[in-house]
Structure formats: structure tokens, C-alpha cells
Amino acid sequence: MPTDLPSTGARTVTAAAAASRAPVGIFDSGLGGLSVLRAVRAQLPDESLLYVADSLYAPYGERDDDFIADRTLAIGEWLVKQGAKALVVACNTATAQSIALVREKLSIPLVGVEPGIKPAALQSKTRVAGVLATQVTLRSARFQALLDRYASDCRFLCQPGHGLVQAVERCDVDSAELRALLRSYLEPMLEAGADTLVLGCTHYPFFDAAIRDMVGDRLMLIDTSVAIARQLERVLDQHGLRAAAGDTHAPALPRFYSTDDGAHQKQLAATLLHLDAHVERVLIPSRRTAAPNSQAA
Ligand code: DGL
């Protein structure tokens, strides 16, 4: 069995093997990135994972651009200090706003996320598709570039999902109020002939069952979490960082961190991921949130 450090008489573990054994960091403004973590666990079961929810400062979709970049960079740097070998920015809003900056500053490979405009344009038969995403994502230059690139012959109805991130953050994925809110966003899309719905925020796949219940198969749901997990796999392979299959050092459970008390993260992990998660509270100061518990915006 491999040992952690080279030692006399024991098998020497090379630097490459040690690097591939390091964890992958996954980060979101809050609990939405758990939908990405779920896909990563299914695709890459040998990887150790660290998950950070910045729930104290969620939703990012109602923050200014500088605040989002500041928190994304601080959390990325924190994950690097914890030994992460790669980072998944499992937040469309943070990716749209700050992936270029974070890529420039961090020394580890990065995977970002973006709304599935391309698969929607490929699959929509009516050539009308709805997009639910945060206001920040929808107004970003990255999102506009996606539309310009893939949406020439398809009409995209872009709807900011006000209130939806907050619902997931309080573990509400199915209440009557939530369904009424979702209905108010989806009915105009259906009336306009949409047959496809892009879930452009990693929190929204947790509404999958409620949406299907409401619209049946009238809308094809586009959730990119499996594509993100595959992209992570490619990136790890490119950098020679993929964990060895069956590595006995890999912990069975991800390590979960939250910038709030983590109670809702624990609850959501249990109900939607069937994981008994121990969530550790962490303080990750940043330029905009230097004082503990600051709600600066
Ligand atoms: N999960 C984040 C995303 O994909 C939510 C952003 C927010 O906190 O508003 O955009």
C-alpha cells in the first residue's frame, strides 16, 4: 500500500502521485454548487473533494461586480492553501464576472461554468428557449458572447430568477410559494412557444422535480452539471492530476465548508444528495469583507 512520504524500505511515492492525490476544490456562492459536486462524484469517484459555500454572502446575483470578484478570488486562494490541485467555480455568476481575473491570479487549473446556450440551441425544435439565470449572469459580457455565438437562429427568452437562489439557500425546493414564483417565470416562456429551458444557475437543478411536475415534458431542461464534471475530468487528465483509481487514501465523503453556520448545507446534502455531511464553518476574509460577519456590499 502506498505511504504518504518516501521512506526507507517503503514504496516511494512520486511527486506526481502526491499531486494527483490532492483534493479538487469546488466553490459556489452557496448551496447550488452541490448540484455540480453531485455530478463530479458520479463522474470521478476517486477524487477527494473540498466544497466551500459562501452562504454568508449569497446571493451573489444581487451583488456588485467587484464584490463577486473579491469573494471568488479570496475563496480560490483559500482553497489553494488547503492544497487543492484544481478549482471548479461552480457558480455561473462568479464565472461570468470573475473567471478571467481568477485564472490570472491562481496557479492551479480552473473549470468555470456557463449557461447551456449551445446545447439548447442544438436541441430546441421550436427554436424558442427560455433561460433562467441571475441578473448578473444575464447582463455579463460572457453571456452576451454566448448568445452571439450560438443563438443566431434561436430566440432566447432571458428571465432573471429573482428569489430562486434565496429559496434553495433556505432549503425550499418545493413549497407552494416557490412553485408560484417558478410558474410566474415559466408560463410566459411556454406561451411564447419555448420547448427548452436552460437552468443557468447551479442552484436551479434542485428545482428539477418541481419544474417537471409543473410543465411535464413541455420543456426540455438543460443542466450542465454532467458536462462540467466531464470537463473537470479532461482538465485533470491534461495536467496529469487525475487521482488513481481505487486510491485507498481518497476519503469517502467530500469535506464541506461554509461561511455561515452550515445548517442548511447539511440539510440539503442530506435530502438531495443523501450525504451525512459534517459542515465546518470557515472565516475567509477578503478586501470587501475584512471584518468578520461583515455584510458589506
Ligand atoms: N449558483 C450561483 C450561480 O450559478 C448562484 C449565484 C447567486 O448567488 O446569486 O449563478
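Residues numbered from 1 in each chain as written. Predicted model: local features only at pLDDT ≥ 70, side-chain atom pairs only at ≥ 80, totals over all residues. Heavy atoms only, no water.

Identification of the chain as Glutamate racemase from Paraburkholderia bryophila is taken from an unreviewed UniProt entry. If you open the UniProt record of the chain and go to Function (unreviewed entry), you find "Provides the (R)-glutamate required for cell wall biosynthesis." UniProt annotates the chain under Sequence similarities (unreviewed entry) with the comment "Belongs to the aspartate/glutamate racemases family." (UniProt positions renumbered as here; feature names shortened; annotations may be inferred.)

Participant: Would you mind showing me how to read the site of the ligand here?
Facilitator: Within the structure, the ligand sits among 13 residues, and Ser29, Tyr60, Gly61, Thr93 and Thr202 are positioned closest to it. Between a nitrogen atom of the ligand and a side-chain N or O atom of Asp28, the distance comes to 3.0 Å. Within the backbone of Asn92, an N or O atom sits 2.8 Å from an oxygen atom of the ligand. Coverage of the ligand by the protein amounts to 100% of the 300 Å² it exposes when considered alone. Its residues assigned to classes, the shell around the ligand comprises five nonpolar, seven polar and one charged. (Near = heavy atom within 4 Å. Polar contact = N/O pair within 3.5 Å; in protein donor to acceptor, adjacent residues only side chain to side chain. Areas by Shrake-Rupley, 256 points an atom, 1.4 Å probe, with all protein chains shown as cover. Nonpolar A, V, L, I, M, F, W, Y, C, P; charged D, E, K, R; others polar.)

Participant: Would you mind going over the sheet that holds strand β1 (residues 24–28) with me for this structure?
Facilitator: Remark on secondary structure: sheet strands pair via backbone hydrogen bonds, oriented parallel or antiparallel. The strand order β4-β3-β1-β2-β9-β10 describes an open sheet built from six strands, whose pairing is parallel. Only two strands of the sheet have a single partner each, and these edge strands are β4 (110–111) and β10 (279–281). One ladder, built from five bridges, connects β1 with strand β2 (residues 49–53); its direction is parallel. Within β2, the residue paired with Gly25 across the bridge is Leu50. Helix α3 (residues 65–81) contacts β1, β2, β3 (86–89) and β9 (255–258) of the sheet and is inclined by roughly 155° relative to β1. Those strands touched by helix α12 (residues 263–273) are β2, β9 and β10, and its axis lies near 140° from that of β9. (Pairing = 2+ DSSP bridges. Helix = DSSP H or I, 4+ residues; strand = E, 2+ residues; numbered from the N terminus. Contact = heavy atoms within 4.5 Å. Axes fitted to C-alpha atoms, helices over the stretch in contact; angles between N-to-C directions.)

Participant: Would you explain the UniProt feature "binding site: substrate" (unreviewed entry) in the chain in this entry?
Facilitator: The UniProt record annotates "binding site: substrate" (unreviewed entry) at Asp28, Ser29, Tyr60, Gly61, Asn92, Thr93, Thr202 and His203. A compact arrangement is adopted by the annotated residues: their sequence extent is 176 residues, whereas the largest C-alpha distance between any two is 12.2 Å. Mapped onto the elements, Asn92 comes out in helix α4 (residues 92–105). The exposure class assigned to Asn92 is buried, which follows from its relative accessible area of 5%. Those residues in contact with Asn92 that lie beyond four places of it in its chain are Val113, Glu114, Pro115, Thr137, Gly200, Cys201 and Thr202. Its location among the elements puts Thr93 in helix α4. Judged by relative accessible area, Thr93 falls into the buried class, the value being 3%. Dropping the residues within four chain positions of it, Thr93 is found in contact with Tyr60, Gly61, Ile68, Thr134, Val136 and Thr137. (Buried < 20%, exposed > 50% of the residue type's maximum accessible area, 1.4 Å probe, protein only.)

Participant: Please explain helix α9 (residues 176–191) as it appears in this structure.
Facilitator: The α-helix winds at 3.6 residues per turn, so residues separated by three or four positions along the chain end up facing the same way. Taking 1.5 Å per residue, 16 residues should reach 22 Å; α9 reaches 22 Å between its end C-alpha atoms and fits that length. Maximal helix bending in α9 amounts to about 30°, located at Ser184; proline Pro188 follows within four positions. Turning to α9, its buried residues number three or more, namely Leu178, Arg179, Leu182, Tyr185, Leu186, Met189 and Leu190. As for α9, its buried residues are in contact with β5 (128–133), β6 (155–160), α8 (164–169), β7 (196–199) and α10 (208–215). Gly193 sits one or two residues past α9 and shows a positive phi near 95°. (Expected span 1.5 Å × (residues − 1). Bend = angle between axes of the 7 residues up to and from the residue.)

Participant: What exactly am I supposed to notice about the environment of Asp70 here?
Facilitator: The residue Asp70 is located in helix α3 in this model. Among the residues examined, Asp70 registers a relative accessible area of 9% and is labelled buried. Counting along the chain gives 216 residues from Asp70 to Ser286, while the straight-line C-alpha distance between them is 6.5 Å. Residues within four places of Asp70 in sequence aside, it is in contact with Ser286, Arg287, Arg288 and Thr289. Polar contacts involving the side chain of Asp70 include one to the side chain of Ser286, which spans 2.8 Å.

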